[in-house]
Amino acid sequence: MHYFFDPLISEASDHIGSGELIHFKSLRITKDERIAITSGKGFGFQARVIDPSTGEIEIADKLVANPRAAIHLVQSIAKGGRDEAALQAATELGIASATALQAERSISRWDSKIEKNLDRWQQIAVAAIKQSQQLVLPEIYHCESVSRLQPIGVALVLDPRAELQIGQIAPADSYTVVVGPEGGFSQSELDEMASKGFVGVRLGDSVLRTSTAGAVAIGCLQLISGELGKRLD
Ligand code: SAM
């Protein structure tokens, strides 16, 4: 089923949102086809297409997001689109927010392009929730340095040299997961985060790219928090 995004969707809607009309028409959707429209706010609707040429729809079943641990990803800005790849994968898995962090060793810098880049991250997140058929659009933020980070819930910094393995983390309702840039975090950044309560965790013995590490951690935390199913005894 094709998913569309409309933050204003409601029981009373009778047309696909104007922001999605071009996308809707490009998919050659047929009369009576079922589609889904996500609000990004934790709910959405299935709908029947009445007129594919105008985007007229009839709202059917309401969709509501399942409760899940709120995972807040803090992804260091990285070159070559690696930060965007990280955001896309994390959003597909399901996160509550994504923060673009300007780390000391981030080769790429947002500086005067913060608004433009935040807009791009927003578009990537919208595309990812449609693709992965989700009802929650992550909030998108920018943070200019680790000194400004405010953790929510269990605060974890991914560090290939940490003693603690991710499998040792306890189930929780919310986590903040910080991922370093290509060259990792400086010692002063790690010390600063430790002073704010962040605990270093390792993802096995491989050193992963910054684009991979966050998604691996999120998958592990979803397993730990029970979202991916209970263990069979
Ligand atoms: N030489 C750098 C270092 O030792 O930190 C490697 C940086 S790695 C390419 C980029 C980021 O991905 C790291 O800062 C860390 O946040 C995360 N990462 C990669 N592999 C990891 C692992 N095995 N365990 C925990 N975090 C990892």
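These figures come from a predicted structure and were not determined experimentally.

Turning our attention to the pattern of salt bridges. For the structure shown, the criterion picks out ten salt bridges. Put simply, Arg34 and Asp61 hold a salt bridge, and the shortest N to O gap is 3.9 Å. Residue Arg34 is located in strand E2 (residues 34-38), and its partner Asp61 is located in strand E4 (residues 56-64); the two are separated by 27 residues in the primary sequence. The exposure class of Arg34 is partly exposed, given its relative accessible area of 38%.

With that settled, consider the side chain of Thr38. Along the polypeptide, Thr38 turns up in strand E2. A polar contact is formed between the side chain of Thr38 and the backbone nitrogen of Gly40, at a distance of 3.1 Å. Among the polar contacts listed, one links the side chain of Thr38 to the backbone oxygen of Gln134, at a separation of 3.0 Å. Setting aside residues no more than four positions away along its own chain, Thr38 makes contact with Tyr3, Phe4, Phe5, Asp6, Ile9, Phe43, Gly44, Ile129, Gln134 and Leu135.

In this section: the pairing of strand E6 (residues 97-101). In terms of residue burial, E6 counts as a mostly covered element, since five of its five residues are buried. With five bridges joining them, strand E5 (residues 70-76) and E6 adopt parallel strand pairing. Looking at the pairing, Ser76 lines up with Leu101 of E6. Read as a crossover between parallel neighbours, the route from E5 over helix H2 (residues 82-93) to E6 is right-handed. On the question of chirality, the crossover connecting E6 to the parallel strand E7 (residues 139-143) by way of helix H3 (residues 114-131) is right-handed.

Turning our attention to the sheet that holds strand E9 (residues 174-179). The six strands lie next to each other as E7-E6-E5-E9-E8-E10, forming an open sheet whose pairing is parallel. Two strands lie at the open edges of the sheet, namely E7 and strand E10 (199-201), each paired on one side alone. Looking at each pair of strands side by side, their axes are set apart by 25° on average, direction ignored. Examined bridge by bridge, strand E8 (residues 154-158) and E9 share four bridges and lie parallel to one another. Bridge pairing in E9 places Ala155 opposite Thr176.

Here the focus is the packing of aromatic side chains. For the structure shown, the criterion picks out three aromatic pairs. Aromatic side chains Phe43 and Phe45 sit 6.1 Å apart centroid to centroid with 80° between the ring planes, which places their arrangement in the edge-to-face category. With a relative accessible area of 22%, Phe43 lands in the partly exposed category. The exposure class assigned to Phe45 is buried, which follows from its relative accessible area of 1%.

Glancing now at unusual backbone geometry. As a rule of thumb, non-glycine residues mostly have phi less than zero, and peptide bonds are mostly trans rather than cis. Here Asp111, not a glycine, exhibits a phi torsion of approximately 35°, which is positive. Mapped onto the secondary structure, Asp111 falls in the loop between E6 and H3. For Asp111, a relative accessible area of 49% gives the class partly exposed. The residue Gln133 is not glycine, and still its phi comes out positive at about 60°.

Moving on to the site of the ligand. Lining the immediate surroundings of the ligand are 18 residues, of which Leu158, Arg161, Leu203, Ser206 and Leu208 lie closest. The side chain of Arg161 places a nitrogen or oxygen atom 2.4 Å from an oxygen atom of the ligand. Protein coverage of the free-state accessible area of the ligand, which is 560 Å², stands at 86%. Of the residues belonging to the shell around the ligand, the class tally is nine nonpolar, five polar and four charged.

The next point concerns the layout of surface pockets. In this structure, the largest pocket spans a volume of roughly 430 Å³. Lining of the largest pocket is provided by 24 residues; of these, Pro160, Pro181, Gly184, Val207 and Leu208 occupy positions nearest its centre. Residues belonging to the lining of the largest pocket are distributed by class as follows: eleven nonpolar, six polar and seven charged.

Analysis parameters
Residues numbered from 1 in each chain as written. Predicted model: local features only at pLDDT ≥ 70, side-chain atom pairs only at ≥ 80, totals over all residues. Heavy atoms only, no water. Salt bridge = Lys/Arg side-chain N within 4 Å of Asp/Glu carboxyl O. Helix = DSSP H or I, 4+ residues; strand = E, 2+ residues; numbered from the N terminus. Buried < 20%, exposed > 50% of the residue type's maximum accessible area, 1.4 Å probe, protein only. Polar contact = N/O pair within 3.5 Å; in protein donor to acceptor, adjacent residues only side chain to side chain. Contact = heavy atoms within 4.5 Å. Pairing = 2+ DSSP bridges. Right-handed = clockwise from strand over helix to strand, strands pointing away. Axes fitted to C-alpha atoms, helices over the stretch in contact; angles between N-to-C directions. Phe/Tyr/Trp six-rings, centres within 6.5 Å; stacked < 30°, edge-to-face > 60°. Near = heavy atom within 4 Å. Areas by Shrake-Rupley, 256 points an atom, 1.4 Å probe, with all protein chains shown as cover. Nonpolar A, V, L, I, M, F, W, Y, C, P; charged D, E, K, R; others polar. 1 Å grid on protein atoms, 1.4 Å probe; cavity = no way out; pocket = protein on both sides within 12 Å on 5 of 7 lines; lining within 4 Å. Points joined across faces, edges and corners; volume = space filled by probe spheres on them.

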